[in-house]
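# Report on the structure
Residue-level listing of the chains:
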4 protein chains.
Amino acid sequence: MTLRFGLLGAGRIGKVHARAISADAGAKLVAVADAMAPVAKAISDQYGCEVRTIEAILAAKDIDAVVICTPTDTHADLIEKFAKAGKAIFCEKPIDLSLDRVKACLKVVRDTKAVLMVGFNRRFDPHFAAVKAAITAGTLGKIEMITITSRDPGAPPLDYIARSGGIFRDMTIHDFDMARFLLGEEVSEVSAMAAVLVDPAIGKAGDSDSVQVMLKTATGKMCLISNSRRATYGYDQRIEVHGSLGAATADNQRPVMIEVATKAGYTRPPLHDFFMTRYTEAYAAEIAGFIAAVSGKAKATPTGEDGLSALALAEAALKSVAEGRTVKMSEII
Amino acid sequence: MTLRFGLLGAGRIGKVHARAISADAGAKLVAVADAMAPVAKAISDQYGCEVRTIEAILAAKDIDAVVICTPTDTHADLIEKFAKAGKAIFCEKPIDLSLDRVKACLKVVRDTKAVLMVGFNRRFDPHFAAVKAAITAGTLGKIEMITITSRDPGAPPLDYIARSGGIFRDMTIHDFDMARFLLGEEVSEVSAMAAVLVDPAIGKAGDSDSVQVMLKTATGKMCLISNSRRATYGYDQRIEVHGSLGAATADNQRPVMIEVATKAGYTRPPLHDFFMTRYTEAYAAEIAGFIAAVSGKAKATPTGEDGLSALALAEAALKSVAEGRTVKMSEII
Amino acid sequence: MTLRFGLLGAGRIGKVHARAISADAGAKLVAVADAMAPVAKAISDQYGCEVRTIEAILAAKDIDAVVICTPTDTHADLIEKFAKAGKAIFCEKPIDLSLDRVKACLKVVRDTKAVLMVGFNRRFDPHFAAVKAAITAGTLGKIEMITITSRDPGAPPLDYIARSGGIFRDMTIHDFDMARFLLGEEVSEVSAMAAVLVDPAIGKAGDSDSVQVMLKTATGKMCLISNSRRATYGYDQRIEVHGSLGAATADNQRPVMIEVATKAGYTRPPLHDFFMTRYTEAYAAEIAGFIAAVSGKAKATPTGEDGLSALALAEAALKSVAEGRTVKMSEII
Amino acid sequence: MTLRFGLLGAGRIGKVHARAISADAGAKLVAVADAMAPVAKAISDQYGCEVRTIEAILAAKDIDAVVICTPTDTHADLIEKFAKAGKAIFCEKPIDLSLDRVKACLKVVRDTKAVLMVGFNRRFDPHFAAVKAAITAGTLGKIEMITITSRDPGAPPLDYIARSGGIFRDMTIHDFDMARFLLGEEVSEVSAMAAVLVDPAIGKAGDSDSVQVMLKTATGKMCLISNSRRATYGYDQRIEVHGSLGAATADNQRPVMIEVATKAGYTRPPLHDFFMTRYTEAYAAEIAGFIAAVSGKAKATPTGEDGLSALALAEAALKSVAEGRTVKMSEII
């Protein structure tokens, strides 16, 4: 059986998913919708699918699943509509910037028993997945302390930042999800610090560009997160997990494995400078995971609840910064 | 303009090229030919191309270029036929196991002015290409000494070995081409040693499974090659280039960049265990390079003459082992 | 001129300093004092110095400087006595577990204009010193975020822990000093989390064995610290400094630079398993730094005030854990 | 019992051994002899030993062992004299540049049953020793192929080169010894290539500055050696051993384990730039090994015969270059 897809939103990330769906022998991209006609047409031309309206896709008999890549403020509404229409749903993160709106949306998903998967692509990165596998295999023993380092090559445009919900909801949210994924139990306490070190304009926009966070679970497992909107040397994405029997490290993926030695020393090239290049394999594995889930071969994960939990951690971090104290997750959710 | 391809031979490597052609916006796979009907049909089903005979492809008006992935002993004949038919030709290495046959074939190519590119895929590997780029940029100064290490995870089947022309023509030939590519001038002297260390059956078949080679150019540049048909830790492919201003190293590409530390030490996973996984990016770049060459955007390289030169180095290595002496290339070609 | 030394306390760390003094052409170990006669005699036999009482060393005309390696609760008294006696003083950390006692002691040091250097040996480690040099050279630009990872191979004996003042004052204090050393400005805010994950007996003794700390300066520079009393893979000591122009990492020093590849993967041996082996070069450079300072060739640093500041950060971390909030350093000191 | 040493020759390497002997609790440096009085006096002043003539040391009742660090052309004579005098002998490599002279000298050593150890310090390097240990432990299985890379930061003075016996006897000889040490069986065939790539003056002096060598044992084990008199990035010393079950690599020892990342990439500092800095630990372990051997706690190894075998390999390499052929060791020795 071939899964028939509708793609909602054909911007940067929509294109990534269009390619992944088309390359998958078990899937077929049937239709694309985008507010901008030329954008939709480009996808249509390249992959031979139809251009339709969102409403047409909603009503379509020949579509089993949708991939939602529209702007964030449309996500929750679209999830609800397509859940009610009986389509399987893959939605880019976040579901919404409001915890209450997300909760309401997830209630609809539960009530309709819709399949919903949220786009935390990093869980599917082969390097991070290998760390998770080492944990699952028991090689590290009982997990005790995690350090997640995540730095962007540069800050996004200010207008993006203005709509992003702030660095905790936009950037750290990936690390919050990764922390939950690796800790294997819920975070109970959050403490965060934030600063504007990269660009004063980000501060004027009410956001921070450099943050650090501490997490702790009820059993005492801990996690550190370090984020910056700037890294001259590329897109820096590393994870360390320390346990009772050992530790696992995922180092940065390197575009080329060369090193040049001169009298100045031994130099390796910088890292990838773009998240799409860095996470090429993760995006492919992610959509394959969704296809497997809709086909009933796997669980749809990360779930909507995972999306909610990561967003709640972002809320807690914001509150911690604002109030200068450790925030209990029971205060948030 | 879209380049229209015929694929001759749809075995393991043929499939790789079929996928690469189909994924390229500037190319279209029009037809496939294979001695075994189900093999051809599988490609036809997956990529929507026709199944034809080689003769039909030769005569086809709707085909501009062919990719030759048939058995080695058919390569030279097919190159000549398609050169005369005015098709552009990508041929898997080697052109033939006989130097004289290759020379005769290349004469036809020259006379017909056909575009011919030979499949030394490693030149297109991003890691090795980055070493070449460092040389070209002058970062290493004048090139002086190269070390190429190439080990297979395991020996091929004995019947493959029997038809392969021996380890120098089958395996070291890639390193010979890489040596020429990086040295930037012709090898003038060859000395080689060979042994059977992995499997006595390989020795009984008249071949070796472990060889080392020294090369030297007229200006004194030197190269070492170390080959084994066995490496428990995976497909080991490394290059070092030492020059007057510095050195460049291409380390092994790693499937995952994780390291697990326990009381036993720090362990990284083994390497890729298959050349197709290791050289995925190289194969894609190679066929893109051919498409660019046929489209007139680049030179078709490696050329038939490159194929001839690498084969001649294999001949010289064999002669060196047999006669226990350094062989001058002027004796061979 | 040769500096003449008295050694107070000839236990584990005292022996390290005795060796370093004896090996330095500009210094001479004149006398040793230890509460246990055989311990003092062993040093006397090996290095040809006299055994004396602390009082005799205090009164001695032939001694210019002392190295204090006695139990922590004697440090402040000894510093005061020897400061008044006009001797130069190197004192192992900490000066005292009480901030007030340290302050009173440092007043005596200031009033007597005594030379005092405190034993934060890690500042002298060649790897960490190279990170500091990269900062000083401006290679990293403006420092923004630091991550310090410090894990012991195993927990010390419970009776040691009982007298240690707790993990923040005993273990993290080195990282607090390193943070101040690298940040280049004073910490203004501290948040910490602590847990008992390694050994419940440590918890029963009122201490923690796994802690994480966030620091922030007035200008927004930030630092993360991760500590564990257990690491199966050895003595794990790493630092990362991220700045506006780049980042510097000090990786673990390795006893041997070998890697063994088998079908199980690529394995490097574990780290050093003991701080004295790990910091051999640091201890030698530290005492050389003290000799240089007493000889007037360099500043005596880290100073007593550095010792006080690190201890104050430990106090703040304890308070943060107890009160579940970010503590301002202005509350502490 | 304390071993009492006489040091013959107190130049650069003599000083290294003087320090090592003085630091060893089981040894005492009793006397030093050097043709240049101030050189001998400096050692005498620093370590409190006497200055004597070689003849006085030869006749001395209070000396058990000598360390020969005089010019190469005096080694064989001194070994013979001290062997006959019943002293244990550590002699810097080489024993002599003439195979016949070495053979005659070793006959005297055998006849007098003298303890003789030859200064191939690299066997005692902790990194290379760890590779040997991996071999001995069987982790690598049956050894098959070795690659030794050895590059000096720069060429020695021309007058040194003129007296050195040429690069194979002076520089490659260390790699020949290492090859024998790691192969665990005798080399039976040698092929070499040599060039002048670094400095034409070296060529005019009749020597080469860049050489590569292939070795093979009777059972087919193989080894590659790559030498250059120039490496801009420091003193490059690496070894790879490939066996039936796996491979071991000794990478370069690094002065500092830091890496600095900027927009230009990730840069580690250059290597050590001097063999004495690089091999500090090896020299200390070497003299400790000699003391252990004289004390009867260990075998004196590398032996005089090891010195002879390495020199014979250098002869074979020279002959191979001269005659353009693979040379059998049975032709040499």
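Residues numbered from 1 in each chain as written. Chains lettered and ligands numbered in written order. Predicted model: local features only at pLDDT ≥ 70, side-chain atom pairs only at ≥ 80, totals over all residues.

### Some points on the overall build of chain A
- If you tally the helices and strands in chain A, you get 12 helices and 15 strands.
- Taken over C-alpha atoms, the radius of gyration comes to 20 Å for chain A, in line with the 20 Å a tight globule of 333 residues would show.
- Intrachain contacts of chain A at a sequence separation of at least 6 include 71% that bridge at least 24 residues. (Helix = DSSP H or I, 4+ residues; strand = E, 2+ residues; numbered from the N terminus. Rg over C-alpha atoms; globule rule 2.2 N^0.38 Å. Contact = placed C-beta atoms within 7 Å.)

### A few points about the relation of the copies chain A and chain D
- Once chain A has been moved 0.0 Å along the axis and rotated by 180°, it coincides with chain D to within an RMSD of 0.0 Å. The relationship between the two copies is best expressed as a two-fold rotation axis. In terms of C-alpha distance to the rotation axis, chain A has A:T267 as its closest residue, with the C-alpha 2.1 Å off the axis. (Least-squares fit on C-alpha atoms with pLDDT ≥ 70 in both.)

### Comments concerning the interface of chain C and chain A
- The interface is formed by 27 residues belonging to chain C together with 27 residues belonging to chain A.
- Elements represented by at least two residues in the side of chain C that touches chain A include exactly β7 (143–151), β8 (187–195), β9 (210–217), β10 (222–228) and β12 (246–250) of chain C.
- Taken together, the residues of the side of chain C that touches chain A sort by class into 11 nonpolar, 13 polar and 3 charged. (Nonpolar A, V, L, I, M, F, W, Y, C, P; charged D, E, K, R; others polar.)

### Section: the interface of chain A and chain D
- Across the boundary between the two partners, chain A contributes 12 residues, which contact 12 residues of chain D.
- At the level of elements, β13 (258–262) and β14 (265–268) of chain A are the ones that each hand at least two residues to the side of chain A that touches chain D.
- With 4 residues, β14(A) is the largest single contributor of residues to the side of chain A that touches chain D.
- Along the lines of polarity and charge, the residues of the side of chain A that touches chain D split into 6 nonpolar, 4 polar and 2 charged.

### Details of the domain arrangement of chain A
Residue and element names in this part refer to chain A.
- In terms of domain boundaries, chain A breaks down into domain 1 (3–114) and domain 2 (123–331).
- Here the C-alpha centre of domain 2 lies 25 Å away from the C-alpha centre of domain 1.
- Counting residues at the interface gives 21 residues for domain 1, matched by 19 residues for domain 2.
- Taken together, the elements giving at least two residues each to the side of domain 1 that touches domain 2 come down to α1 (12–23), β5 (88–92) and α5 (99–112).
- At 5 residues, α5 tops the list of elements feeding residues into the side of domain 1 that touches domain 2.
- Along the lines of polarity and charge, the residues of the side of domain 1 that touches domain 2 split into 15 nonpolar, 2 polar and 4 charged. (Domains from an automatic or database assignment.)

### Focus on unusual backbone geometry
- Cis rather than trans, the peptide bond between B:K93 and B:P94 has omega equal to -10°.
- One can find B:P94 in the loop between β5 (88–92) and α5 (99–112).
- Following B:T301, the chain continues to B:P302 via a peptide bond in cis, the omega torsion being 0°.
- Relative to the elements of secondary structure, B:P302 occurs in the loop between α11 (280–294) and α12 (304–323).
- One non-glycine residue, A:K113, lies in the positive phi region at around 55°.
- A tally of 8 C-beta atoms within 10 Å means that A:K113 is categorised as exposed. (Buried ≥ 20, exposed ≤ 12 C-beta atoms within 10 Å, placed from the backbone.)

### Things to note about the relation of the copies chain C and chain A
- After a rotation of 180° and a shift along the axis of 0.0 Å, chain C superposes on chain A with an RMSD of 0.0 Å.
- Both copies share a contact surface, since 100% of the interface residues of chain C are interface residues in chain A too.

### Description of the sheet that holds β5(A)
Residue and element names in this part refer to chain A.
- Read from one edge to the other, the open sheet built from 6 strands follows the order β3-β2-β1-β4-β5-β6, with strand pairing classed as parallel. Looking at the sheet topology across the chains shown, the edges are occupied by β3 (50–51) and β6 (116–119).
- Pairing geometry for β5 and β6, over 4 bridges, is parallel. Note that in β6 the partner of E92 across the bridge is G119.
- Of the strands in this sheet, β1 (3–8), β2 (27–33) and β3 are in contact with helix α2 (residues 37–47), which crosses β2 at around 155°. (Pairing = 2+ DSSP bridges. Axes fitted to C-alpha atoms, helices over the stretch in contact; angles between N-to-C directions.)

### A look at the sheet that holds strand β4 (residues 65–68) of chain B
Residues and elements named next belong to chain B.
- Sheet architecture is open: 6 strands sit in the order β3-β2-β1-β4-β5-β6, paired in parallel fashion. Pairing within the sheet leaves two strands with one partner each, and these edge strands are β3 (50–51) and β6 (116–119).
- Bridge count for strand β1 (residues 3–8) against strand β2 (residues 27–33) is 6 bridges, and the pairing is parallel. Its bridge partner lying in β2, R4 is registered against K28.
- Seen against the sheet, α11 touches β1, β2, β4, β5 and β6 and runs at an angle of roughly 175° to β6.

### Focus: the packing of helix α8 (residues 167–183) of chain C against helix α12 (residues 304–323) of chain C
All names here are of chain C.
- One can describe the packing of α8 onto α12 by two numbers: an axis separation of 8 Å at closest approach and a directional angle of 120°. Considered as vectors, α8 and α12 are oriented oblique to each other. By crossing handedness, the relation of α8 to α12 is classed as right-handed. Mapping the contact onto sequence places F168, R169, T172, I173, F176, D177 and R180 in α8 and D306, S309, A310, L311, L313, A314, A317 and L318 in α12.
- Taken together, the residues of the contact of α8 with α12 sort by class into 9 nonpolar, 2 polar and 4 charged. (Parallel < 35°, antiparallel > 145°, perpendicular 65-115°, else oblique. Left-handed = near helix turned anticlockwise from the far one by under 90°.)

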